[in-house]
Amino acid sequence: MHRSVTKAKGNISSVFAQLGASRPEVDHARFLELKKSIVPKDTDVLRRAFDRLLERFETEASEIRSRGPDIVPQVSMEDIRANGGRIPEKLVPEVKKRGVVVIKNLVDPQVAAGYKESIQEYLRRHPNEVAGFPEDNPQVWELYWSRAQVEARSHPNFIYSTQAINRLWHSNSDTAPIDLTKNLTYCDRLRIRLPGDSKFALGGHVDGGSLERWEDPEYRACYTKILEGKWEEYDPYDVTHRITANMDLYNAPGGCSMFRLFQGWMAMSNIATGGGTLRACPLIKESTAYFMMKPLLGANLNKSEFMGAWPGRCQDITVADHPHIVDTMVSMPDVQAGDAVFWHCDTVHAVESTNAMKSDSSVLYIPSTPMCPKSSQYLLRQRLAFEKGLTPPDFPENHCEEHFDDRVKPSDLNEIQKLGMGFLPYPEDESNLTPGQLTAIREHNRIIASV
């Protein structure tokens, strides 16, 4: 069933308490009861597990500090092609351990720079008509339907690279309704961060919901091994329960209704370390175990708060509550226009406090979102918004582009773009499909044909 709840107007600050969003009231009794219902009967199990986890952080921290940005795995688009559309085998263990990867040369630098120029011209044609953050000098723009964004999301290399990283995931069942070889189009914002900017200073956080990781039974099942104190056995790349998990119980202004395996951005400019770039904790299993277990330990168990998790907001990661995670975060290595960065949906990440470059730090936000019923359901809602020029349903309802004659319209799309946006069905007669893949395709085609 599609949610009919609307979202208020706003910008990217609407979802982050760090950028000014209010912290909603917490139902103290309900959350205390929730905590006590999910901890092991022997609460020392989690304490011992957390002690082992701190030892792991101590072991890993020295290498992370010494290598800095170089600890982030990098792979070229050429290497992915040479390996048949997969991440080279020698890199897979490191990419899966770190939860973040840079893909070099995803598109030609001139093509990427052209995207930025096109967007800037689009904005110049509509002065004072597009919302953004900060409001007095927007740099994170509430734009979704510019020609450059539509072209970047459907670039053959982007589709090819997301198929490669999607294959890092798996399901325990070949009947699970998901096709990791097909990436649907999720329409997100963009950033053109000006030299010297320090307002878009976004501290550590995790997207994809916050309280939902404990509160929604199916989402919580993703972390069963962690909550049993067996975090070493936790598999961050198992899609089994995530496919049907409810990651947005509170109609959050920044909630992602598609199943997003990896968040991502494509650089439209050269971005050096220190240039207002992404920061991430390169220990996906350990950082997830840390923020999932700590609210359930000792005295924390008798507090209703989940240490940075608030209804309808992302999960904040702070020095006060999560010092070991914050201490092991690193900035991305230097990238050039056309490179892309992808990070696991549970990765703790942040944005450098200042763009210290003398040039802008510009990216298109484009995630990896494979075909599954949850994603197909949102794709239909997104398509209906696109047809009218409205803001996609996951975002604040500014509808800035509704009356722009030069926005992209359905008639402008090519066949690949129509497929990704849910205007055309996928073939159901491919060879070697698993039962789960076939179910996902059939359900997708049924959903997009339902209106």
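Details of the structure are given in the entry above.
Residues numbered from 1 in each chain as written. Predicted model: local features only at pLDDT ≥ 70, side-chain atom pairs only at ≥ 80, totals over all residues. Heavy atoms only, no water.

**A word on the overall build of the chain**
Part 1 of the reasoning: Summing up its helical and strand segments, the chain has 15 helices and 15 strands in all.
Part 2 of the reasoning: A globule of 451 residues ought to have a C-alpha radius of gyration of about 22 Å, and the chain, at 21 Å, matches this closely.
Part 3 of the reasoning: If one aligns the C-alpha atoms of the chain with their principal axes, the spans along those axes are about 60 × 55 × 45 Å.
Part 4 of the reasoning: Summed over all atoms, the accessible surface of the chain reaches about 17,600 Å², with 50% contributed by carbon and sulfur.
Part 5 of the reasoning: Taken as two groups, the 53 positive and 61 negative side-chain charges of the chain have centres that lie 1 Å from each other. (Helix = DSSP H or I, 4+ residues; strand = E, 2+ residues; numbered from the N terminus. Rg over C-alpha atoms; globule rule 2.2 N^0.38 Å. Areas by Shrake-Rupley, 256 points an atom, 1.4 Å probe, with all protein chains shown as cover. Lys, Arg positive; Asp, Glu negative; His and termini not counted. Charge placed at Lys NZ, Arg CZ, Asp CG, Glu CD.)

**Some words on the side chain of Lys 35**
Part 1 of the reasoning: Considering the arrangement of structural elements, one finds Lys 35 in helix α1 (residues 28–38).
Part 2 of the reasoning: We note that Lys 35 is buried and unpaired, the nearest opposite charge coming from Glu 305 at a distance of 7.9 Å.
Part 3 of the reasoning: At 2.6 Å, the side chain of Lys 35 and the backbone oxygen of Asn 300 are in polar contact.
Part 4 of the reasoning: Discounting residues that sit within four places of it in the chain, Lys 35 has contacts with Pro 295, Leu 296, Asn 300, Leu 301, Lys 303, Ser 304, Glu 305 and Phe 306. (Buried < 20%, exposed > 50% of the residue type's maximum accessible area, 1.4 Å probe, protein only. Salt bridge = Lys/Arg side-chain N within 4 Å of Asp/Glu carboxyl O. Polar contact = N/O pair within 3.5 Å; in protein donor to acceptor, adjacent residues only side chain to side chain. Contact = heavy atoms within 4.5 Å.)

**Digging into the sheet that holds strand β14 (residues 361–365)**
Part 1 of the reasoning: Taken in spatial order, the eight strands line up as β1-β2-β12-β8-β14-β6-β4-β3 in an open sheet, and their pairing is mixed. Of all the strands in the sheet, the pair left with one neighbour each is β1 (74–76) and β3 (132–133).
Part 2 of the reasoning: As paired elements, strand β6 (residues 190–193) and β14 share four bridges and run antiparallel to each other. Bridge pairing links Leu 190 to Leu 364 in β14.
Part 3 of the reasoning: Sheet contacts for helix α5 (residues 109–124): β4 (140–141), β6, β8 (262–267) and β14; angle to β6, the most-contacted strand, approximately 90°. (Pairing = 2+ DSSP bridges. Axes fitted to C-alpha atoms, helices over the stretch in contact; angles between N-to-C directions.)

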